[in-house]
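Structural overview for review
Spelled out from the first residue to the last, the chains are:
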Amino acid sequence: MWGWLEMLKNDCFALPPGVDWTPVPEALDALRDRMTPVTAVETRGLDDALGRVLAEDAIARRSTPPADNAAVDGYALAHGSLSAQGTQSLALLDGRAAAGAPFAGKVPPGHALRILTGAVMPAGTDCVVMQEDVEAANGRISFGSGLKPGANRRRGGEDIESGATAITAGRILTPADLAQAASVGLATLAVHRPLRVAVFSTGDELCDPADDPAPGAIFDANRPMLSGLLRAQGFTVIDKGRVPDNAAAIRAALTEAVCHADAVVTSGGASGGDEDHIARELTALGAMTEWRVAMKPGRPLALGQIGQVPVFGLPGNPVAAFVCFLIFARPALLRLAGAEWPDLPRFPLTMTGPAKKRAGRTEYLRGRVLPGGQVEKFRSEGSGLISGLRWSDGLIELAHDRGRVEAGETVDFIPYSAFGL
Ligand code: AMP
Ligand code: MG
């Protein structure tokens, strides 16, 4: 299934009879099986760890919370001191328990002690009555019945127990993870060095947006887009510029890129045409597999390896490059970076209008979410319309076996936020 197959010249989205184009889920499974982390591990303080991939499980040095403590301001007491009904009245003990200043003594039965949020529960108490519910006078407090056992008490270790795995390796560290690490007494974490990804665009027609374009030239839109997509995943981008459609130049660019990078992402020249040198040079330089995946937008992807460095040859059309990057290159690169394989959330939304769809391939449309759980598709499927990428909030995914979609039908929606965008 992954070997060379005859390329279709006229309609690259057609499914040739008798030849299997690999369904997207199968292609992803294959990719998932092949990628393993390639980046070195280093120790970083919490200030430097945001967005990094955790390389080893983070084990709690202490429980959090470290001890039972008060969830509210009020009075700590033993539930056993209360009667089932009627007004409750307890003697108020001298002193108090505050966060960082625990009460040293024991609270006897029939007594209560002033306590503030976060204070360790004093010996002899197991619940807290909120100060708003209490009247205090003449050295006593009184309040209504019905306080539950353990009320307003946070249990020691209820978040994480000492010795437990606080954060699992492979996690891309979020601000919440940093809080969790600190809460269990971890000041440093073992993280992967960021993945270094070289990126270049191919095409004789390409020029820089600052250039005066020659007739027939177009501005290189893919490089800033792909660099941005890569940076959004926490990777370090090595910008290798533009490379003309010329076998020697492409070969030199690939050879150079793999010296400095953990992975290479290119756009353009990836299918089997006369000027599609990426595929040809990848074949010459290393292992190259033409990925004929049954998806739209997309063309054969040139996935290859030069030495230990994987190369992702994406299509030149900006929309196809964007979608192929997100669906295939992103999860593979994240695995190389040490992260868990990122399974994507898919939200069921209702289509506002119909969509043409051919069974036998997965199709991705640019979709915008409307109030009430509806999603609208972009006015055109044109693979060069970058405005549709900006207009949309995410991708509508029409599954492999599905045919034409009518207005009102439910579709899967993957928000760009799921890709960290
Ligand atoms: P290719 O995959 O090289 O056949 O390119 C397909 C289409 O995408 C052609 O119309 C190219 O001009 C266009 N294209 C290729 N690379 C870029 C790029 N970096 N920025 C914008 N458009 C591109
Ligand atoms: Mg080209």
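Counting of residues starts from 1 at the beginning of each chain's written sequence and follows it residue by residue. Chains carry letters and ligands carry numbers; both start at the beginning, A for chains and 1 for ligands, and go up in the order they are written. Reporting in this predicted model follows two pLDDT cut-offs: at least 70 for local features of residues, and 80 or more for side-chain atom pairs to be given and counted; totals over whole chains, interfaces and linings ignore these cut-offs and use all residues. Water and hydrogen atoms were dropped before computing side-chain values, which therefore reflect all heavy atoms in the structure.

Describing the overall build of the chain
Rules: Put simply, DSSP H or I for four residues or longer makes a helix, DSSP E for two residues or longer makes a strand, and each gets a number counted from the N terminus. Atoms considered for the radius of gyration are the C-alpha atoms alone. The globule rule reads 2.2 Å times the number of residues to the power 0.38. Each residue is placed in one exposure class: buried if its accessible area under a 1.4 Å probe, protein chains only, is under 20% of its type's maximum, exposed if it is over 50%, and partly exposed if it falls in between. It only takes one pair of heavy atoms within 4.5 Å for two residues to be counted as in contact. Note on areas: these come from Shrake-Rupley sampling with a 1.4 Å probe, and a residue is covered only by the protein chains present in the view. Neither His nor the chain termini are counted; the positive set is Lys and Arg, and the negative set is Asp and Glu. Each charge is placed at NZ for Lys, CZ for Arg, CG for Asp and CD for Glu.
Secondary structure assignment for the chain yields seven helices and 27 strands. Taking 22 Å as the expected radius of gyration for a compact globule of 421 residues, we find that the chain reaches 30 Å, considerably beyond that expectation. Taking all 421 residues of the chain together, the buried fraction comes to 48%. In the chain, 70% of the contacts between residues at least 6 apart in sequence involve partners at least 24 apart. For the chain, the exposed surface amounts to about 19100 Å²; the carbon and sulfur share of it is 51%. Each charge sign in the chain was given a centre, from 41 positive and 48 negative side chains, and these centres are 2 Å apart.

Section: the packing of helix α3 (residues 222-232) against helix α6 (residues 318-336)
Here is the rule we go by: For helices, the fitted line uses only the C-alpha atoms of the stretch in contact; every axis is such a line through C-alpha atoms, and the angle between N-to-C directions lies from 0 to 180 degrees. The cut-offs work like this: below 35 degrees is roughly parallel, past 145 is roughly antiparallel, 65 to 115 is roughly perpendicular, and the gaps in between are oblique. Each helix crossing is assigned a hand: it is left-handed if the near helix lies turned anticlockwise from the far helix by less than a right angle, otherwise right-handed if that turn is clockwise. For this scheme, ten residues count as nonpolar: Ala, Val, Leu, Ile, Met, Phe, Trp, Tyr, Cys and Pro. Four count as charged, namely Asp, Glu, Lys and Arg, and the remainder, Gly too, count as polar.
At a minimum axis separation of 11 Å, α3 and α6 run at an interaxial angle of 30°. What the angle tells us is that α3 and α6 run roughly parallel. For the pair α3 and α6, the sense of crossing is right-handed. Facing Asn-222, Met-225, Leu-226, Leu-229 and Leu-230 of α3, the residues of α6 in contact are Pro-318, Ala-321, Phe-322, Phe-325, Leu-326 and Leu-333. Partitioning the contact of α3 with α6 into residue classes produces 10 nonpolar, one polar and no charged.

Describing the sheet that holds strand β19 (residues 287-291)
As a reminder, the rule being used: Each pair of strands is called paired provided DSSP finds at least two bridges between the two strands.
With respect to topology, six strands assemble into an open sheet ordered β17-β14-β18-β22-β21-β19, the strand pairing being mixed. Only two strands of the sheet have a single partner each, and these edge strands are β17 (236-243) and β19. Here the strands of the sheet are splayed against their neighbours by 15° on average, with no regard to which way each runs. Of the strand pairs in this sheet, strand β14 (residues 196-202) and strand β18 (residues 263-267) are connected by five bridges, and their pairing is parallel. Paired with Phe-200 across the bridge in β18 is Thr-266.

Focus on the site of ligand 1
For clarity, the threshold we go by: Nearness here has a simple test: a residue counts as near a molecule or strand if at least one of its heavy atoms is within 4 Å of that partner. Here a polar contact means two N or O atoms within 3.5 Å. Within protein one must be a hydrogen donor candidate and the other an acceptor candidate, and residues neighboring in sequence count only if both atoms are side-chain atoms.
By nearness alone, 15 residues border ligand 1, and Glu-205, Asp-220, Ala-221, Gly-269 and Gly-316 come closest of all. Between ligand 1 and Ala-221 there is a distance of 3.0 Å, counted from a nitrogen atom to a backbone nitrogen or oxygen. A distance of 2.9 Å separates an oxygen atom of ligand 1 from a polar backbone atom of Gly-269. In the complex, 78% of the free accessible area of ligand 1, which totals 490 Å², lies under the protein chains.

Some words on the nonpolar core
Note the cut-off: Only buried Ala, Val, Leu, Ile, Met, Phe, Trp, Tyr and Cys residues count toward a nonpolar core, and they belong to the same one when joined by side-chain atoms within 4.5 Å. These domain boundaries are the output of an automatic or database domain assignment.
In this structure, Leu-230, Trp-291, Phe-312, Phe-325, Phe-328 and Leu-333 are the most contacted members of the largest nonpolar core, which totals 50 residues. In terms of residue count, the dominant contributor to this core is α6 (14 residues). Of the residues that make up this core, three or more belong to each of domain 1 (22-40 + 194-336) and domain 4 (347-419). Here Phe-312 is in contact with Met-35, Ala-263, Val-264, Val-265, Thr-266, Ala-302, Leu-303, Ala-329, Ala-332, Leu-333 and Leu-336, once residues within four sequence places are set aside.

Looking at the side chain of Gln-88
With respect to the helices and strands, Gln-88 occurs in strand β6 (residues 88-97). A polar side-chain atom of Gln-88 sits 3.0 Å from the main-chain carbonyl oxygen of Gly-86. Those residues within four positions of Gln-88 in sequence are excluded, and the remaining contacts are Leu-82, Ser-83, Ile-141, Ser-142, Phe-143, Gly-144 and Ser-145.

Some remarks on the packing of aromatic side chains
Selection criterion: Stacked, tilted and edge-to-face pairs are distinguished by plane angle, under 30 degrees for stacked and over 60 for edge-to-face with tilted covering the rest, among Phe, Tyr and Trp rings (Trp via its six-membered ring) whose centres lie within 6.5 Å. Charges are assigned to positions over rings by a cutoff of 6 Å between ring centre and Lys NZ or Arg CZ, combined with an angular limit of 35 degrees from the ring normal.
Scanning the model with the defined rule gives two aromatic pairs in all. Centre to centre, the rings of Phe-322 and Tyr-416 are 5.6 Å apart; their planes meet at 85°, and the pair counts as edge-to-face. Highlighted residues: Phe-322 in helix α6 and Tyr-416 in the segment after β27 (410-415), separated in sequence by 94 residues. Take Phe-322 and Tyr-416: they sit in the same class, and that class is buried. A centroid spacing of 5.4 Å and a plane angle of 50° characterise the contact between Phe-378 and Trp-391, whose relative ring orientation is tilted. Here Trp-391 lies in helix α7 (residues 386-391) and Phe-378 lies in the loop between β25 (374-377) and α7, a separation of 13 residues in the sequence. Residue Phe-378 is classed as buried on the basis of its relative accessible area, which comes to 7%. The residue whose ring lies beneath Arg-114 is Tyr-75, and the NZ or CZ to ring-centre distance is 5.3 Å.

Thoughts on the environment of Ala-123
Residue placement: Ala-123 occurs in the loop between β7 (111-115) and β8 (127-130). The class for Ala-123 is partly exposed, based on a relative accessible area of 41%. For the pair Ala-123 and Ala-76, spaced 47 residues apart in sequence, the C-alpha separation works out to 9.8 Å. Every residue in contact with Ala-123, bar those within four places of it in the chain, is listed here: Gly-105, Lys-106 and Val-107.

Concerning the sheet that holds strand β5 (residues 74-77)
In any sheet, the strands associate via hydrogen bonds between backbone groups, in a parallel or an antiparallel arrangement. Reading across from one edge, β8-β5-β7-β6-β10-β9 is the order of the six strands in this open sheet, with mixed pairing throughout. Strands at the two margins of the open sheet, each flanked by one partner only, are β8 and β9 (135-137). Each adjacent strand pair in this sheet contributes to an overall mean axis angle of 40°, direction not counted. Pairing of β5 with β7 involves four bridges; the strand directions are antiparallel. Paired with Tyr-75 across the bridge in β7 is Arg-114.

A closer look at the packing of helix α4 (residues 247-260) against helix α5 (residues 277-285)
Closest axis-to-axis distance for the α4/α5 pair is 9 Å, and the angle between their directions is 60°. Judged by the inter-axis angle, α4 sits oblique to α5. The chirality of how α4 crosses α5 is right-handed. Where α4 abuts α5, its residues Ala-247, Ile-250, Arg-251, Leu-254 and Thr-255 lie against His-277, Ile-278, Glu-281, Leu-282, Ala-284 and Leu-285. Of the residues assigned to the contact of α4 with α5, the class counts are seven nonpolar, two polar and two charged.

Considerations on the confidence of the model for the chain
Definition in use: One number per residue, pLDDT, summarises how confident the predictor is, and it ranges from 0 to 100.
For the chain, per-residue confidence averages 92 on the pLDDT scale, and residues scoring 70 or more make up 95% of the total. Every residue in residues 1-18 scores below 50 in pLDDT, and together they form 47 contacts with partners more than four places removed in sequence or on other chains.

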